[in-house]
Protein chains: 2
Amino acid sequence: MVKDNVIDAFGTSEIRDYDKLLREFGVQDFTKLKVPDPLPTMNRGIVFGHRDLKPVLKAMKDGKKFAVMSGIKPSNYLHIGSKMVVDEIVYFQDHGAIVHYAIADLEALVDNGLSLDKSRAIARDNLLDLVALGINLKKAHVYLQSEELRVQRLAYVYSRNVTNNMLKAIYGEHPVGIYMAALTQVADILLPQVIHGPIPTVVPVGFDQDPHIRLTRDIAKKHGLLPPASTYHKFMCSLLGVERKMSKREPQGMIMLNEDPKKARKKIMKYAFSGGRDTLEEHRKKGGRLDIDVAYQYLTYFEEDDKKLASIAKDYQSGKLLSGELKNILADKIEEFLVAHQNKREKAKKLVDNFLG
Amino acid sequence: MVKDNVIDAFGTSEIRDYDKLLREFGVQDFTKLKVPDPLPTMNRGIVFGHRDLKPVLKAMKDGKKFAVMSGIKPSNYLHIGSKMVVDEIVYFQDHGAIVHYAIADLEALVDNGLSLDKSRAIARDNLLDLVALGINLKKAHVYLQSEELRVQRLAYVYSRNVTNNMLKAIYGEHPVGIYMAALTQVADILLPQVIHGPIPTVVPVGFDQDPHIRLTRDIAKKHGLLPPASTYHKFMCSLLGVERKMSKREPQGMIMLNEDPKKARKKIMKYAFSGGRDTLEEHRKKGGRLDIDVAYQYLTYFEEDDKKLASIAKDYQSGKLLSGELKNILADKIEEFLVAHQNKREKAKKLVDNFLG
């Protein structure tokens, strides 16, 4: 939530006005970058912003060392919207990055009161998704914060670089544990450089995480490290409407990565907010509205083929394609994805269980 | 320092009015307790106060499990005044306590900006003193905070039990790292119970550490643990005067445990503030003043034989014993102690180096 021009990194993010973010928070326009082999989300303005990504792209191009770092708070299972960040990590991984991934169980503890044991159980499920989506668990440094002594130590080190007023200005007023979780996250982001020396590092995140990025960039300089780069993506909306965020309180609007594919199909058919017209006659005449049609919006994330997507858009806008038909295209896509994804999850179980020990 | 009735646990303590502490901070009178085989410091009002020690004494008497816990910030070498706490720990150790000892390198980091490496070097010297003074390094749980994952985790857990206002009320206004160090110290104190279940625990400390004790007692109850007990001792004054604290800024007033015994003797003879009179004649007539004579005050810590001490006091007050003679008695005592202590330090080196790995 943006309140008094402070982005609440620990609240529920409701950011929609991405242009404002570009204007007012000094975020650069991602669509103006030349990125090799871009993901569909990178081409379509879904990954909309970045800070300082050029040194990362240069290292990538020159075959130099660089890192990609991200993480998750293991208080929830992953939904189809969470896939985006993981896809970006895998993208940089496949282009040569050292991969770090933090499972923020200490943050889940102070922010949500989740015990480390409960976090661990959810983390197991999260890890199945990460591996299924392509993260190389054997090569990447994936860790639980509570088990990574270095980030805990570094949080104490970096606490010397902040004042209470700085923390209040960046995050708003919070209990000390939350501030410590923020410093732990700074440590997560800088750990690749602490281990490998100063190297360009990119952190793909939702824009609600930008306060962490700004704080980390500030602290990095004080320790002879490179300010980490970031990329920002638009959040995937709830099935219930483009202005709504996926939320545990409205499970009918959310599709989880561990969800039964048949049930996911039914949810889409039943709940996906439609941009279609009230009557068949009106729809044929005026065509559907892409901007508010959730099924179409989801396809911009899931239909990788640009030509197919363009033809769907054209047919829907012209009224040739009906709402139910559009939902059906998405339902096929998601069902197919979930079946394949869950097969991969099944195969990842042994690896993940060994990993967690 | 007591300022607006807040004891500054992170400042330089200048507490002298111990009676006021007993009256105003709810500390109980140690001298009213029946303690088996008391140390001289326990008999002489040097250990002057406690919180809730009775359950510890009962466990001791009944042969039940109990713990003694203390620690040090490895920013300084130990001086002869630091011996007191260690003697108390050894006392409880020898009466059956489980011993925990925290080397607070994370606190040294946030409070003094000392790197973990530098802390480690000083900690090695501190450990030599601990072993030489009788702590059983093989049986006790002695650890560096930065290497004890459990206390770091617990600090996050306990952060949920405090508000910023509570921390301000207890400690005064400090940066977040200092508050986190305080919560880490709470974790240090409760670790014996986290490991062994709820057991009486005593924490021998200087009174400046009482804020930590009060905070810990409060948090313990919220986690089904017993509020830890504490004992408080009077600080040993500087050689330069009974109202002065030993300080690195006045090294001539301090005797370190790793100091050359001959040099220590010279310091005492040269700098120990005397309660003797201006002329020999006046001294013989009026006698020396015990209350301001540092050599005598030091003997209350170092001369274990009550009768000998009483006879020295009598002779000094009557004018029979001269200042120089009194200093000489102390100098003999301290030199003899340091020679023996440093022999033990020498023998402890291998053990300590193995311990630090």
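Residues numbered from 1 in each chain as written. Chains lettered and ligands numbered in written order. Predicted model: local features only at pLDDT ≥ 70, side-chain atom pairs only at ≥ 80, totals over all residues. Heavy atoms only, no water.

## Considering the pattern of salt bridges
Definition in use: The working definition used for a salt bridge is a side-chain nitrogen of Lys or Arg within 4 Å of a carboxyl oxygen of Asp or Glu. For helices the rule is a DSSP run of H or I covering at least 4 residues; for strands it is a run of E covering at least 2, with both sets numbered from the N terminus onward. For every residue, the accessible area obtained with a 1.4 Å probe (protein chains only) is divided by the maximum for its type, and the residue is called buried under 20%, exposed over 50%, and partly exposed between those limits.
Summed over all chains, the structure comprises 46 salt bridges over all chains. Across the salt bridge formed by Lys73(A) and Asp111(A), the nearest N and O atoms sit 3.0 Å from each other. Within this pair, whereas Lys73(A) is found in the loop between strand S5 (67–72) and helix H4 (83–94), its partner Asp111(A) is found in helix H5 (residues 105–112), the two being separated by 38 residues in sequence. Residue classification places Lys73(A) among the partly exposed positions, given a relative accessible area of 23%. Note that Arg120(B) and Glu147(B) form a salt bridge whose closest N and O atoms lie 2.7 Å from each other. Placement of Arg120(B) in helix H6 (residues 116–132) and of Glu147(B) in the loop between strand S7 (141–144) and helix H7 (149–159) is noted, with a sequence separation of 27 residues between them. Judged by relative accessible area, Arg120(B) falls into the partly exposed class, the value being 26%.

## Things to note about the packing of aromatic side chains
Residue and element names in this part refer to chain A. Spelled out, the test is: Two aromatic rings, drawn from Phe, Tyr or Trp (for Trp, its six-membered ring), form a pair once their centres lie within 6.5 Å of each other, and the interplanar angle then sorts them: stacked below 30 degrees, edge-to-face above 60, tilted otherwise. Working rule: Lys NZ or Arg CZ, within 6 Å of ring centre, within 35 degrees of ring normal, means a charge sits over the ring.
According to the stated counting rule, one finds 10 aromatic pairs over all chains in the structure shown. On the basis of an interplanar angle of 80° and a centroid distance of 5.0 Å, the ring pair of Tyr91 and Phe92 is categorised as edge-to-face. Here Tyr91 and Phe92 have matching classes, each one buried. Just above the ring of Phe235 sits the side chain of Lys245; from NZ or CZ to the centre is 5.2 Å.

## Some points on the environment of Ser82(A)
Residues and elements named next belong to chain A. The test is simple: In protein, a polar contact requires one atom able to donate a hydrogen and another able to accept it; more generally it is a pair of N or O atoms within 3.5 Å, and residues adjacent in sequence count only if both atoms are side-chain atoms.
Here Ser82 lies in the loop between S5 and H4. Judged by its relative accessible area of 18%, Ser82 falls in the buried class. Taking the C-alpha atoms as reference points, Ser82 and Met236, 154 residues apart in sequence, are found 8.4 Å from one another. Polar side-chain contacts of Ser82 include one of 2.9 Å to the backbone nitrogen of His79.

## What about the confidence of the model for chain A?
Residue and element names in this part refer to chain A. Applicable threshold: pLDDT measures how confident the predictor is about each residue, on a scale from 0 to 100.
Across chain A, pLDDT averages 93, with 96% of residues at or above 70. Taken element by element, the predicted model of chain A shows its lowest mean pLDDT in strand S1 (residues 2–3) (44) and its highest in helix H3 (residues 54–62) (98). Predicted complex, confidence summary: ipTM 0.81, pTM 0.87.

## Section: helix H8 (residues 164–171) of chain A
All names here are of chain A. Formally: It is the directions from the helix axis to the C-beta atoms whose arc is reported.
Looking at H8, one finds that the buried residues are Asn164, Leu167, Ile170 and Tyr171. Along the axis of H8, the buried residues cluster in a sector spanning 130°; they form a single face. For H8, the exposed residues lying more than 90 degrees away from the buried face are Asn165 and Ala169. The positive-phi residue at the C-terminal boundary of H8 is Gly172, with phi of around 85°.

## As for the sheet that holds strand S3 (residues 28–29) of chain B
Strand-to-strand pairing in sheets goes through backbone hydrogen bonds, with the strands running parallel or antiparallel. Residues and elements named next belong to chain B. Defined as follows: For two strands to count as paired, DSSP must find a minimum of two bridges between them.
Reading across the sheet, the 7 strands line up as S3-S4-S9-S8-S5-S6-S7 and stay open at both edges, with mixed pairing between neighbours. Two strands bound the open sheet, and with one partner strand each, they are S3 and S7. Here strand S6 (residues 98–103) pairs with S7 via 4 bridges, running parallel. Paired with Ile103 across the strands is Leu144, a residue of S7.

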